[in-house]
Amino acid sequence: MKESWKDRGFVDEPVPAGIDIKNEIRRMCEEKNAVILAHYYTSGDIQDVADFVGDSLALAQQAAKTTADIIVMCGVHFMAETNKVLCPDKMVLLPDLNAGCSLADTCKAEDLARYKREHPEYKVVAYVNTSAAVKALTDVVVTSSNARQVVESFPKDEKILFAPDKNLGGYLNAITGRNMLLWNGGCHVHERFSIEKIVELKAQYPSAKVLAHPECKSGVLALADYIGSTAAILKFAQTDECDTYLVVTESGILHEMQKSIPGKKFIPVPPVASAGCACNECDYMRMNTMEKLYNCIKYEWPQVELDATMREDALRPIERMLEISAKIKS
Ligand code: 13P
Ligand code: SF4
């Protein structure tokens, strides 16, 4: 590995001129028995070259059952870590190690460890958008697809700390009637959607339905016709009878929406104070580019590695989540 790559966190090599990068990525995957998993927030070209595109839960489930030798996670760092926790013997690649998550960053393992020491009576429920070190300190992990069922699996009088997303936690308290203590974390993308813009767009498209991710602030969620994970929002639009939607989540989801439901209109709601901008992108997710993807498969770097004890501690709460999720489906 070159020092410059290490410093940058991704392979910094030009892609050979004249190659068909998509074909070459697919050819290398075949040759190396690699599978590309991509989140809905990545760019359309990444989603189109991937073997599987999904929300956080589906990506973890897919990793848990893959027979590939190499998992290439086109998403953010905590997603690659979750894959490594579930598949310790596989090589897990992330095209750019800098692809973090502002929400995961709001909860440091040392802060959570201190809280637990001071409040030993609390169970800890962690959103999947956390580092493996944080997950290792928790009782159970949730994604926005299964959070309600996981929270409801605890006795009603259980003392629970929900970390780190205060918006998702507040929404869960509202729909379950619980009074979980909420960590003061949030996502820089979902926290900045403009309520004014939603109201304005609703006036312009009166029949449009508002689809929102639960990481949005409560004022935004109050305006939503449907609240759910990326996969749930997509499924809702695919099965619902309306023809126009205001989409209040990262705009990468529009790629699959437009592809799978070409007859409907999807309008991305812009963030606050961004006149003229019609998008709302997660800069971490967008660090995944075709060039970095090509290079990371070619050079099998950067890999995501985990300390063995931390991995084992993080595995239990993730497995518990997957068990509860399996019951939801059956
Ligand atoms: P989903 O689990 O709904 O895909 O959300 C992941 C995420 O990072 C939202 O910001
Ligand atoms: Fe993290 Fe927000 Fe990006 Fe999702 S959209 S990966 S929560 S920073």
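To be clear, the structure that these remarks concern was listed above.
Residues numbered from 1 in each chain as written. Chains lettered and ligands numbered in written order. Predicted model: local features only at pLDDT ≥ 70, side-chain atom pairs only at ≥ 80, totals over all residues. Heavy atoms only, no water.

Notes on the overall build of the chain
Move 1: In terms of helices and strands, the chain carries 15 helices and twelve strands.
Move 2: A compact globule built from 330 residues should have a C-alpha radius of gyration of about 20 Å, and the chain, at 20 Å, falls within 12% of that.
Move 3: Oriented by its inertia axes, the alpha-carbon framework of the chain measures out at about 55 × 50 × 40 Å.
Move 4: Every one of the 330 residues in the chain was classed for burial, and the buried ones make up 55%. (Helix = DSSP H or I, 4+ residues; strand = E, 2+ residues; numbered from the N terminus. Rg over C-alpha atoms; globule rule 2.2 N^0.38 Å. Buried < 20%, exposed > 50% of the residue type's maximum accessible area, 1.4 Å probe, protein only.)

Considering empty space enclosed by the protein
Move 1: All chains considered together, the criterion is met by two cavities of 30 Å³ or more.
Move 2: Estimated volume of the largest cavity: approximately 260 Å³.
Move 3: Residue lining of the largest cavity: 29 residues in total, with His39, Tyr41, Asn129, Glu215 and Met285 positioned closest to the centre.
Move 4: At the level of secondary structure, the elements contributing two or more residues to the lining of the largest cavity comprise helix H4 (56-65) and helix H5 (77-86). (1 Å grid on protein atoms, 1.4 Å probe; cavity = no way out; pocket = protein on both sides within 12 Å on 5 of 7 lines; lining within 4 Å. Points joined across faces, edges and corners; volume = space filled by probe spheres on them.)

Focus: the site of ligand 1
Move 1: Residues in contact with ligand 1, as listed here, are His39, Tyr41, Asp55, Ser56, Asn129, Ser144, His190, His213, Glu215, Ser229 and Thr230.
Move 2: In this structure, serine 56 approaches ligand 1 through a side-chain N or O atom, which is 2.8 Å from an oxygen atom.
Move 3: Take histidine 213: an N or O atom from its side chain is 2.8 Å from an oxygen atom of ligand 1.
Move 4: Protein contact buries 96% of the 300 Å² of open area that ligand 1 shows by itself.
Move 5: When each cavity is represented as a set of grid points, ligand 1 is found to reside in the largest cavity. (Near = heavy atom within 4 Å. Polar contact = N/O pair within 3.5 Å; in protein donor to acceptor, adjacent residues only side chain to side chain. Areas by Shrake-Rupley, 256 points an atom, 1.4 Å probe, with all protein chains shown as cover. Sits in = over half its atoms within 2 Å of the grid points.)

Considerations on the layout of surface pockets
Move 1: For the largest pocket, the calculated volume is near 500 Å³.
Move 2: Ser144, Ser145, Asn146, Ser229 and Ala232 are, among the 25 residues lining the largest pocket, the residues nearest its centre.
Move 3: Contributing elements (two or more residues each) for the lining of the largest pocket: H4, helix H8 (147-152), helix H9 (166-176), strand S10 (226-227), helix H12 (230-239) and helix H15 (308-329).
Move 4: Broken down by element, the lining of the largest pocket gets its largest block of residues, four residues, from H9.
Move 5: Split by residue class, the lining of the largest pocket holds 13 nonpolar, eight polar and four charged.
Move 6: Roughly 170 Å³ of internal volume is contained in the second largest pocket.
Move 7: As for the second largest pocket, its lining consists of 14 residues, of which His77, Ala104, Asp105, Thr130 and Ser131 are closest to the centre.
Move 8: Broken down by secondary-structure element, the contributors of at least two residues to the lining of the second largest pocket are H5 and helix H7 (132-135).
Move 9: Grouping the amino acids of the lining of the second largest pocket by side-chain chemistry returns seven nonpolar, four polar and three charged. (Nonpolar A, V, L, I, M, F, W, Y, C, P; charged D, E, K, R; others polar.)

Focus on the site of ligand 2
Move 1: Around ligand 2, the surrounding shell consists of Tyr41, Cys101, Ser102, Leu103, Asn129, Cys187, His188, His190, Glu215, Cys282 and Met285.
Move 2: Taken atom by atom, the bulk of ligand 2 overlaps the largest cavity.
Move 3: Class assignment of the residues belonging to the shell around ligand 2 gives a composition of six nonpolar, four polar and one charged.

A closer look at the packing of aromatic side chains
Move 1: Under the defined criterion, the tally for this structure stands at six aromatic pairs.
Move 2: Between tyrosine 226 and phenylalanine 236, the aromatic rings sit 4.4 Å apart at their centres with planes inclined by 15 degrees, giving stacked as the arrangement. Separated by ten residues along the polypeptide, tyrosine 226 in strand S10 and phenylalanine 236 in helix H12 bring together distant segments of the chain.
Move 3: Linked through ring pairs, Trp5, Tyr299 and Trp301 together constitute an aromatic cluster.
Move 4: Across the ring face of phenylalanine 10, the terminal group of lysine 292 is positioned such that the distance to the ring centre comes to 4.5 Å. (Phe/Tyr/Trp six-rings, centres within 6.5 Å; stacked < 30°, edge-to-face > 60°. Lys NZ or Arg CZ within 6 Å of the ring centre and 35° of its normal.)

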